[in-house]
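Structural overview for review
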Amino acid sequence: MGGKWSNWSGGVSCKPRQILSPQNEIELAASIRNAEGPVRAPGSGHSFTPLCASDGAMVVLNAFRGLKATSREQGLATIFAATPLWAIGPALHAHGLALRNMGDIDRQTLAGVVATGTHGTGQTLGSLSSDVAGFRLILASGDVLNCTPSENAEIFLGGRVAVGILGVMTEISMALRPRYRLIEDNFLLAPEELFRRLDDLVSTNRHFEFFWFPHADVAVCKTLNETDKPAPAPRSAEFMRRRGERVGGEARVFAGINEILPTLPVLLKPAHGLFSRLMPNAASARWSHEIFPTARPVRFNEMEYAVPLARGADCIREIVAEIRHRKINTGFPLEFRTVAEDDIWLSPFYRRESATIAVHQYYKVDTSRLFDACEAIFRRYEGRPHWGKRHTRSREELTALYPAFERFRSLRRELDPGGKFLNPYLRSIFE
Ligand SMILES: Cc1cc2nc3c(=O)[nH]c(=O)nc-3n(C[C@H](O)[C@H](O)[C@H](O)COP(=O)(O)OP(=O)(O)OC[C@H]3O[C@@H](n4cnc5c(N)ncnc54)[C@H](O)[C@@H]3O)c2cc1C
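Residues numbered from 1 in each chain as written. Predicted model: local features only at pLDDT ≥ 70, side-chain atom pairs only at ≥ 80, totals over all residues. Heavy atoms only, no water.

**So, the pattern of salt bridges**
Considering all chains together, one arrives at 30 salt bridges under this definition. For Arg206, the salt bridge goes to Glu226, with nearest N and O atoms at 3.9 Å. Of the two residues, Arg206 is situated in the loop between α5 (191–204) and β14 (207–212) and Glu226 in strand β15 (residues 219–226); the sequence distance between them amounts to 20 residues. The class for Glu226 is partly exposed, based on a relative accessible area of 45%. It is possible to trace a salt-bridge network through shared partners that takes in Asp104, Arg296, Glu302, Glu304, Glu335, Arg337 and Lys389. (Salt bridge = Lys/Arg side-chain N within 4 Å of Asp/Glu carboxyl O. Helix = DSSP H or I, 4+ residues; strand = E, 2+ residues; numbered from the N terminus. Buried < 20%, exposed > 50% of the residue type's maximum accessible area, 1.4 Å probe, protein only.)

Here is the structure:
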């Protein structure tokens, strides 16, 4: 029984011949063994690249949700792979635990974020994939493997960022920390002052990032730091689910301006100045899983690259100069974050402390002018693309950018020699 599938931004869609909804690991293993490829298991479809597209079989993992086990002493939890992040925070909180870091939203599944190296910001904090302590993987053959640093260690090393092409994860063990509260501060800085203080802002805050509407004369800075101040009682998972889908009045205004900007470029500069000044300042303390994610109700497509941390400031300045010089129209800001290095073969942060720079474009606007201009600059800064976000890099280029790329490809061939998990896009990169 087939159906239609599309990703969050609407930029990727497909019609799988078969949609499978296994209810347990035995059924999942049988589904994968018997299905004709390409077999793709989407999370919540928040990737902008066609990682999940399939005209073969699509495996829906809704039965694999929830917390399986927690150990407060060890700071570990085993979580079913398709659990959405909005459900993980409240569940861990009840056990006195929390994820070490999170990104901008909580709509994704745990396996989805792990598979693409999804990250937040913080110089000493790695991506969510780097906090994986182990996982269970169903291979193309239907065999089930436990992968940890001591069991199937090669697959553990390569499999934490694997865009779902080594197998389908059913459970993931995450290294955690005791639950904690954060306090947020937002402030505007003129670019000269921002870049003068950047190293200090990055190193003295647990989390620092900035958003820069490229035609504006100021950047919006955001810090999050731990606090002992009391926080409101944590919200339920159901509240968190609904909160992330909320479309407020300000989002409607933002979407409305994005509708008219492409035909009224004269509004670019004033709109960017206004957007920057309207960013909220939320100074109250909240539990970490409630303060990290925000709602992103206005749809967009995105490109993001990780560049060496020391070159991040020059890179984003060059990008802004180029966008201004070419008068490129976009209603969205650039986002600058930092991520600690790791040892995961396909991670953009592999053995490299990084700055990430994200570029967004309203989902109804053609991305090529903006993304092509930015990608040309990212190339010069040895940028490594985010696997879930738009890029045009070839297999040869990726081999040069990711030192362990060939090692990953050879592991993939070993685990899935028939290429059952590869769709045409993935085949062009990884076969
Ligand atoms: C509004 C928005 C905000 C975002 N914010 C951030 C951010 O702050 N930081 C950041 O780094 N990224 C961010 N992203 C990107 C996003 O986190 C990634 O693309 C992530 O992969 C999406 O998770 P998902 O559950 O939607 O997975 P999908 O996009 O559905 O799938 C991603 C990959 O995961 C694989 N996968 C899913 N489940 C399994 C499984 N059980 N076993 C094996 N593989 C599996 C899929 O096969 C696919 O290859 C954002 C995206 C959007 C749309």
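From this point, things continue past the structure.
**Comments concerning the sheet that holds strand β18 (residues 334–339)**
The strand order β16-β13-β15-β14-β18-β19-β17-β20 describes an open sheet built from eight strands, whose pairing is antiparallel. The open sheet is flanked by β16 (285–287) and β20 (384–385), the only strands paired with a single partner. In this structure, β18 lies alongside strand β19 (residues 354–362), joined through five bridges in antiparallel fashion. Residue pairing in the sheet places Val339 in a bridge with Ser354 of β19. (Pairing = 2+ DSSP bridges.)

**A look at the site of the ligand**
Around the ligand there are 37 residues in total, and Gly43, Gly45, His46, Ser47 and Met169 lie nearest to it. Here an oxygen atom of the ligand sits 3.1 Å away from a polar atom, N or O, in the side chain of Arg40. Between the ligand and His119, the relevant distance is 2.8 Å, taken from a nitrogen atom to a main-chain nitrogen or oxygen of the residue. Of all the secondary-structure elements, those providing two or more residues to the shell around the ligand are α3 (110–116) and β11 (168–175). (Near = heavy atom within 4 Å. Polar contact = N/O pair within 3.5 Å; in protein donor to acceptor, adjacent residues only side chain to side chain.)

**Here's the deal with empty space enclosed by the protein**
Under the criterion given, the structure shown has three cavities of 30 Å³ or more. Looking at the largest cavity, its volume works out to about 80 Å³. Taken together, Asn101, Met102, Gly103, Asp104, Gly120, Thr121, His207, Glu209, Lys222, Leu224, Phe292 and Arg337 make up the full set of residues lining the largest cavity. For the lining of the largest cavity, the residue count by class is three nonpolar, five polar and four charged. Counting contributing residues, the lining of the largest cavity receives three or more from each of domain 1 (67–178) and domain 2 (181–385). (1 Å grid on protein atoms, 1.4 Å probe; cavity = no way out; pocket = protein on both sides within 12 Å on 5 of 7 lines; lining within 4 Å. Points joined across faces, edges and corners; volume = space filled by probe spheres on them. Nonpolar A, V, L, I, M, F, W, Y, C, P; charged D, E, K, R; others polar. Domains from an automatic or database assignment.)

**Topic: helix α10 (residues 312–325)**
For α10, built from 14 residues, the straight-helix expectation of 20 Å at 1.5 Å per residue is met to within 8% by its first-to-last C-alpha distance of 20 Å. The complete set of buried residues in α10 reads Gly312, Ala313, Cys315, Ile316, Ile319, Val320 and Ile323. Looking straight down α10, one finds that the buried residues subtend no more than 165° of arc, so they occupy a single side. Where the residues of α10 are buried, they touch α5, β14, β17 (300–308), β18, β19 and α11 (368–380). Backbone geometry just downstream of α10 places Lys327 in the positive-phi region, at approximately 50°. (Expected span 1.5 Å × (residues − 1). Arc of directions from axis to C-beta. Contact = heavy atoms within 4.5 Å.)

**Thoughts on the packing of α10 against α11**
Relative to each other, α10 and α11 sit at 150°, their axes nearing to 10 Å. Considering their axes alone, α10 and α11 lie roughly antiparallel with respect to each other. Crossing handedness for the pair α10 and α11: right-handed. Counting all contacts with α10, which are made through Cys315, Glu318, Ile319, Glu322 and Ile323, the residues of α11 involved are Leu370, Ala373, Cys374, Ile377, Phe378 and Arg380. (Axes fitted to C-alpha atoms, helices over the stretch in contact; angles between N-to-C directions. Parallel < 35°, antiparallel > 145°, perpendicular 65-115°, else oblique. Left-handed = near helix turned anticlockwise from the far one by under 90°.)

**Section: the side chain of Glu304**
You can see Glu304 is positioned in strand β17. A residue is classified by how much of its surface remains accessible, and Glu304, at 1% relative accessible area, is buried. Within the structure, the side chain of Glu304 is placed 2.8 Å from the side chain of His119, a separation counted as a polar contact. Polar side-chain contacts of Glu304 include one of 3.5 Å to the side chain of Lys389. If sequence neighbours within four positions are ignored, Glu304 has contacts with His119, Arg337, Thr356, Ile357, Ala358, Arg384, Pro385, His386, Lys389 and Arg390.

**Concerning the domain arrangement of the protein chain**
One can read the domain layout of the protein chain as domain 1 (67–178) and domain 2 (181–385). Contacts between the two partners involve 33 residues from domain 1, matched on the other side by 38 residues from domain 2. For the pair domain 1 and domain 2, the two sides together bury roughly 3100 Å², of which 57% comes from carbon and sulfur. Together, Asp104, Thr121 and Gln123 form the three largest contributors to the area buried by domain 1 at its contact with domain 2, with a combined 24%. Counting across the interface, domain 1 meets domain 2 through five salt bridges. Linking domain 1 to domain 2 there are 17 residue pairs in polar contact (both at pLDDT 80 or more). Breaking the side of domain 1 that touches domain 2 down by element, the ones donating at least two residues are α2 (85–93) and α4 (153–159). The leading source of residues in the side of domain 1 that touches domain 2 is α2, at five residues. Residue composition of the side of domain 1 that touches domain 2, by class: ten nonpolar, 16 polar and seven charged. (Buried area = accessible area lost by both parts, 1.4 Å probe.)

**Examining the packing of aromatic side chains**
All told, the structure shown has 20 aromatic pairs when counted by the stated rule. Look at Trp8 and Phe48: their rings are 6.2 Å apart centre to centre, the planes differ by 85°, and that puts the pair in the edge-to-face class. With Trp8 in the loop between β1 (5–6) and β2 (13–14) and Phe48 in the loop between β4 (39–40) and β5 (57–59), this pair connects stretches of sequence that are 40 residues apart. As far as the burial class goes, Trp8 and Phe48 line up, both buried. Measuring from centroid to centroid gives 5.0 Å for Phe254 and Phe332, while their planes differ by 75°, and the two rings are edge-to-face. Separated by 78 residues along the polypeptide, Phe254 in helix α7 (residues 249–260) and Phe332 in the loop between α10 and β18 bring together distant segments of the chain. Across the pair, Phe332 and Phe254 agree in class, each one buried. One aromatic cluster is present, built from ring pairs that chain together Trp8, Phe48, Phe213, Phe254, Phe275, Phe300 and Phe332. One cation-aromatic arrangement involves Arg179 over Trp287; the distance from NZ or CZ to the ring centre is 5.3 Å. A cation over an aromatic ring shows up here: Arg317 above the ring of Phe195, its NZ or CZ 4.4 Å from the ring centre. (Phe/Tyr/Trp six-rings, centres within 6.5 Å; stacked < 30°, edge-to-face > 60°. Lys NZ or Arg CZ within 6 Å of the ring centre and 35° of its normal.)

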